[in-house]
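# Observations on chain architecture
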Amino acid sequence: MNATAAQRCRILVADDDDGVLEAFRRAFLPDPDDAEHRLLEELEQGLFGTLSPARQVPMSFDIVTCTQGQQALEAVQEALQRQCPFKIIFLDIRMPPGMDGVRTAQRIRDLDRNVTIVFITAYSDESFDTVAGLVPPPTKLFFFNKPFLAVEFVGLASKLCGQSQLP
Amino acid sequence: MMATHIFRKPSVRSAMGHSPSSDGSAMSTTVSLRTKVLVVLGTLLMTYLGLSQITMNYVMFPVFQQLDQESAAKNMTRVEELIADDLKTVEKINLNWSHWDETHQFLSGSNPAYVATNLEGSWMRDNELNMMLFFDPSERLVWGRLASLKENREIPMAAAFPAGRPPNALMMSHASLDSSIKGLLGTEWGPMLISSFPILTTNHEGPVAGTCVFGRFLDRKHTAALEERSKVNVAVYSAIAAALPEPYKATARSLKAGKAAVEYVETDQVVRAFSLLRDIHGKPLLLLRVDTPRGATAVGAQTIRAALFSLLMASALVVLVVWLLLRYMILAPILTLTRHVLYVGESGDLTKHLMTARHGEVGTLEREFKQMQDRLAIAKRTILMHSYKAGIADSAAGVLHNIRNALTPLTSQLGQLISKLREPPGLRLPTAVQELGGMEIPEDRRRKLIEYAQLALKQHAHQRQQAIEEIYQTLQHLAHIEQIITDQERLSRSDPIIESTTLAAIVDEAISLLPDHAAIRPWIQIDPSVEVVGTIATRRIALVQVITNVLLNAVEAIRRARRVAGIIQVTAEHEKTGAESMLRVTIGDNGAGIEPGHQQTIFQRGYTTKANGKGGLGLHWCANTLNSMGGKISVESADAMQGTVFHILIPL
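Just so you know, these numbers come straight off a predicted model, no measurement behind them. (Residues numbered from 1 in each chain as written. Chains lettered and ligands numbered in written order. Predicted model: local features only at pLDDT ≥ 70, side-chain atom pairs only at ≥ 80, totals over all residues.)

### Considering the overall build of chain B
Helix and strand counts for chain B stand at 16 helices and 17 strands. Going through the 652 residues of chain B one by one, you find that 26% of them count as buried. (Helix = DSSP H or I, 4+ residues; strand = E, 2+ residues; numbered from the N terminus. Buried ≥ 20, exposed ≤ 12 C-beta atoms within 10 Å, placed from the backbone.)

### Notes on the overall build of chain A
If you tally the helices and strands in chain A, you get seven helices and five strands. The order of α-helices and β-strands along chain A, N terminus first, is α-β-α-α-β-α-β-α-β-α-β-α. By residue count, 32% of the 167 residues in chain A fall in the buried class. Within chain A, residue pairs in contact and separated by at least 24 positions form 78% of the contacts whose partners lie at least 6 positions apart. (Contact = placed C-beta atoms within 7 Å.)

### Regarding the interface of chain A and chain B
Listed by partner, the interface residues are 27 residues for chain A and 31 residues for chain B. Of all the elements in the fold, those that place two or more residues in the side of chain A that touches chain B are α2 (18–28), α3 (34–48) and α7 (150–161) of chain A. Per element, the largest residue contribution to the side of chain A that touches chain B is nine residues, and it comes from α3 of chain A. Along the lines of polarity and charge, the residues of the side of chain A that touches chain B split into 16 nonpolar, four polar and seven charged. (Nonpolar A, V, L, I, M, F, W, Y, C, P; charged D, E, K, R; others polar.)

### Examining helix α2 (residues 101–108) of chain B
All names here are of chain B. All buried positions along α2 are accounted for by Thr 103, His 104, Phe 106 and Leu 107. Viewed end-on, α2 has its buried residues packed into an arc of 160°, placing them on one side of the element. Phi turns positive one or two residues past the end of α2, at Gly 109, with a value near 90°. (Arc of directions from axis to C-beta.)

### A closer look at α7 of chain A
Compared with an ideal rise of 1.5 Å per residue, which puts twelve residues at 16 Å, α7 of chain A spans 16 Å between its outermost C-alpha atoms and is within 8% of the ideal. The complete set of buried residues in α7 of chain A reads Ala 150, Phe 153, Val 154, Ala 157 and Cys 161 of chain A. Buried positions in α7 of chain A, seen along its axis, are confined to an arc of 100° and lie on one side of it. More than 90 degrees from the buried face of α7 of chain A, the exposed residues found are Gly 155 and Lys 159 of chain A. Those residues of α7 of chain A hidden inside the fold are in contact with β1 (9–14), α2, β2 (61–66), β3 (88–92) and β5 (141–145) of chain A together with α9 (360–422) of chain B. (Expected span 1.5 Å × (residues − 1).)

### Details of the sheet that holds strand β9 (residues 270–278) of chain B
All names here are of chain B. Spatial strand order, β7-β10-β9-β8: four strands in an open sheet with antiparallel pairing. Lying at the two open borders of the sheet, with one neighbouring strand each, are β7 (233–238) and β8 (263–266). For this sheet, the mean angle separating the axes of adjacent strands, direction not counted, is 25°. Here helix α7 (residues 249–256) sits on the sheet in contact with β8, β9 and β10 (284–293), set at roughly 50° to β9. (Pairing = 2+ DSSP bridges. Axes fitted to C-alpha atoms, helices over the stretch in contact; angles between N-to-C directions.)

### Thoughts on the packing of α2 of chain A against α7 of chain A
All names here are of chain A. It is at 10 Å that the axes of α2 and α7 come closest, and there the two elements cross at 60°. With respect to α7, the element α2 is oriented oblique. Considering how the two elements wind past one another, α2 and α7 form a crossing that is right-handed. Between α2 and α7, the residues in contact are Ala 23, Ala 27 and Phe 28 and Ala 150, Phe 153 and Val 154, respectively. Its residues placed into classes, the contact of α2 with α7 shows six nonpolar, no polar and no charged. (Parallel < 35°, antiparallel > 145°, perpendicular 65-115°, else oblique. Left-handed = near helix turned anticlockwise from the far one by under 90°.)

### Quick notes on unusual backbone geometry
Trans peptide bonds make up most of the peptide bonds, and negative phi angles are found at most residues other than glycine. Along the chain, Pro 136 of chain A connects to Pro 137 of chain A via a cis peptide bond; the corresponding omega equals -5°. Assignment of secondary structure puts Pro 137 of chain A in the loop between α6 (128–134) and β5. Cis geometry is adopted by the peptide bond preceding Pro 147 of chain A, which originates at Lys 146 of chain A and carries an omega value of -5°. On the secondary structure map, Pro 147 of chain A appears in the loop between β5 and α7. Despite not being glycine, Arg 562 of chain B shows a phi value in the positive range, around 55°. Summarising the element assignment, Arg 562 of chain B is placed in the loop between α15 (540–560) and β14 (568–577).

### Some remarks on the nonpolar core
Counting 47 residues, the largest nonpolar core has Val 79, Met 131, Met 192, Phe 214, Leu 286, Leu 288 and Val 290 of chain B as the members making the most contacts within it. When neighbours within four sequence positions are excluded, Met 192 of chain B is seen to be in contact with Asn 130, Met 131, Leu 185, Thr 187, Gly 215, Arg 216, Phe 217 and Leu 218 of chain B. Core analysis: the second largest hydrophobic core is formed by 38 residues, Ala 14, Phe 24, Phe 61 and Leu 91 of chain A among them. (Core = buried A, V, L, I, M, F, W, Y, C linked by C-beta atoms within 7 Å.)

### Points about the sheet that holds strand β2 (residues 141–147) of chain B
Residue and element names in this part refer to chain B. Strand order across the open sheet formed by six strands is β3-β2-β1-β6-β5-β4, with antiparallel pairing between neighbours. Where the open sheet ends on each side, the last strands, each with one partner, are β3 (154–155) and β4 (181–187). The sheet contact formed by strand β1 (residues 131–135) and β2 spans five bridges and is antiparallel. Its bridge partner being in β2, Phe 134 is matched across the sheet by Trp 143.

### Notes on the packing of helix α12 (residues 503–512) of chain B against α15 of chain B
Helix-helix packing: each pair is described by the crossing angle between the helix axes and the interaxial distance. Residues and elements named next belong to chain B. Here α12 crosses α15 at 55°, and the two axes come no closer than 8 Å. When the interaxial angle is binned, α12 and α15 end up oblique. Read as a crossing pair, α12 and α15 show a hand that is right-handed. Mapping the contact onto sequence places Ile 506, Val 507, Glu 509, Ala 510 and Ile 511 in α12 and Arg 540, Leu 543, Val 544, Ile 547, Thr 548 and Leu 551 in α15. Partitioned by chemical class, the residues of the contact of α12 with α15 number eight nonpolar, one polar and two charged.

### With respect to the confidence of the model for chain A
Residues and elements named next belong to chain A. Model confidence for chain A is summarised by a mean pLDDT of 81, while 83% of its residues fall at 70 or above. When mean pLDDT is taken per element in chain A, helix α4 (residues 69–81) scores highest with 94 and helix α1 (residues 3–7) scores lowest with 44. In the predicted structure, residues 1–6 sits below a pLDDT of 50 and forms six contacts with residues beyond four places in sequence or in another chain. The low-confidence segment residues 163–167, where pLDDT is below 50, has nine contacts with residues more than four positions distant or belonging to other chains. (pLDDT = per-residue confidence, 0-100.)

### Examining the confidence of the model for chain B
Residues and elements named next belong to chain B. The predicted model of chain B has a mean per-residue pLDDT of 83, with 91% of residues at 70 or higher. Low pLDDT, under 50, characterises residues 1–27; the predicted model gives this stretch 46 contacts beyond four residues in sequence or across chains. Both scores are given for the predicted complex: the pTM is 0.44, the ipTM 0.77.

### Remarks on the environment of Lys 140 of chain A
Residue and element names in this part refer to chain A. Take Lys 140: it is sitting in the loop between α6 and β5. C-beta crowding within 10 Å serves as the criterion here: with 18 such atoms nearby, Lys 140 is assigned to the partly exposed category. Along the backbone, Lys 140 and Thr 116 are 24 residues apart, and their C-alpha atoms lie at a distance of 4.7 Å. Setting aside anything within four residues of it in sequence, one finds Lys 140 in contact with Thr 116 and Ile 117.

This is the structure:
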């Protein structure tokens, strides 16, 4: 992995639903037409001197996806070995047939005390308090209920990764 | 509750069956119980008979033995007295002869005709005498005669007394006039009863002219006579040890030692009494044996046998009666109950009941078990219903999960699409186009403006194309969600379970599901027609719920009317509508009734009479459920406060 990649905000997503993983990939990966889009913006800036206020410099994320808790655990171990740990891990709570999200989170927490864990669930049967007791500390724990908008988790990821991690 | 007959295990026999061999586990229990009771009763019988036998043998039997021994002692005394009598007789005869003038003269030598006159002929035989001896004072035998032991044969004197003198033992001298000797004496010809007197005048005066000795043999002939008189067996043996039969030697020794006057030996048939007969010198001469039949012992043994037999019969009868009573009062009912419990345990059929009206503890056990079965059946149905509802909830949660999962990419995609469309490429395109419409534009800027406009339009077109694709994708996601819903719908439309049951059982179950049903049950009058309609095949659980709902409605109407005593009447009848056969169940109450105009609306969703306006699902649900079954529900109510009658039509 090159130095640029190591500086980018690394995100792991584990969910047994491919649709959800696809939503994450779509939200975090850069638009393939970005080069042509940038050319247009350069022309606009050259011609009119200003850029529309809505235009922000997009964040750059390094996203890894998997469908099982065990795969997520292995990915975390590998990342720690290579000293480029994940900043945020999104975990589905129910991922049959393997470990559930809470158990996966407990094992990840044993390896990495700093990573922020975000549970994404379509059920409402797991209360925050119960899970927070199992996977401390509560300050590094979030809950997202499905369905959610991409802007919500992109916003959260941007906030957590902070400006210093931008390329 | 009436029974619904669903036999899941037809191989298991009816609980009321009588064949005792097809139910292995039940039988092992009952055989064990039966065996135990039989062993206990048998042991009791044997112990009782054993104890009786011991009592008879060691307490009663000795009493009979004692009687026989006493009888033997008496007989021995009698025989001894008879011998003494005989001895007296010999003595009396001798006295007549020895104290007689003619004998005195004969021995004085002055009566030569004496022998011919008095001693010839059968006189001795007539008097059963075997020996007559006359001695002169110098102990010389003057005259003597000795008859043989057998056949009255004479023994010549020369042969009997070869020395001309009798042996010393027979020499009896009398020193005084009134002396006499009598007793037993052993002679070389056999034992004899002997009497000896001095020979005197008739007036018993002297001088002594000699000695007169008379004797009678104590022989077989004599003992036969004794037997004849005493009516018992008598035997006499020489007391000399060597001459005695082997078995009697010890007895003779014991008697000689003087330990007892009489010894007794018992055989199977007789009690043998032994005593010693001593001679005139006091020495043991003879062993006398008197046999007494064991009459009392024989009677006693027979009595004991008869008593034991009658005891055996009586106690066997008692045991038999006890066994039959135990069997018919305890064992058989327990066996029946055990079979029933095992049947219920194995088949899980809680509707099968024991239909006995037994009293007592087993009856109580049966009734308690029936009540337990009923409670268990209700609990089972409640659990079934709860698990059914839990299953529905679980299934709903699963569906929601799937929908939420499917919605996630859809909402994300739509969110991104909206933000993209909000910021179209080339926001300054209108400005650029306006500027291009003007005249004064440097060529370089004009070229750049065109390039910008072209690029912006291209990007627009691209974005538009992309948006269309993404909308198609969201449509696919929507189709996926629709599929989830369709699958769920198909699942929920699975065929309902039809059960064979009775209307009475359904009504009973519906009542038991009412809250506070113990207080409400007395209000409910079930018409005999409900029993008459018999068995029906229907969606039992659904129908129970419908009737519970209608009953609940009636209870609420009665409470609204503030009646103290509610009346809810349930009737049933068969009804034919064209080719279709239906069952009409009517449930009438004396409650508050339905206000005019509401007869149709009460079945609509959300209709309620409750003060807080909650509820209103019950009757709507009932109508829907009955419709889905092909049935119908309707209501009639004359007026407010006139009560309500619900009609439920169930297809058969």
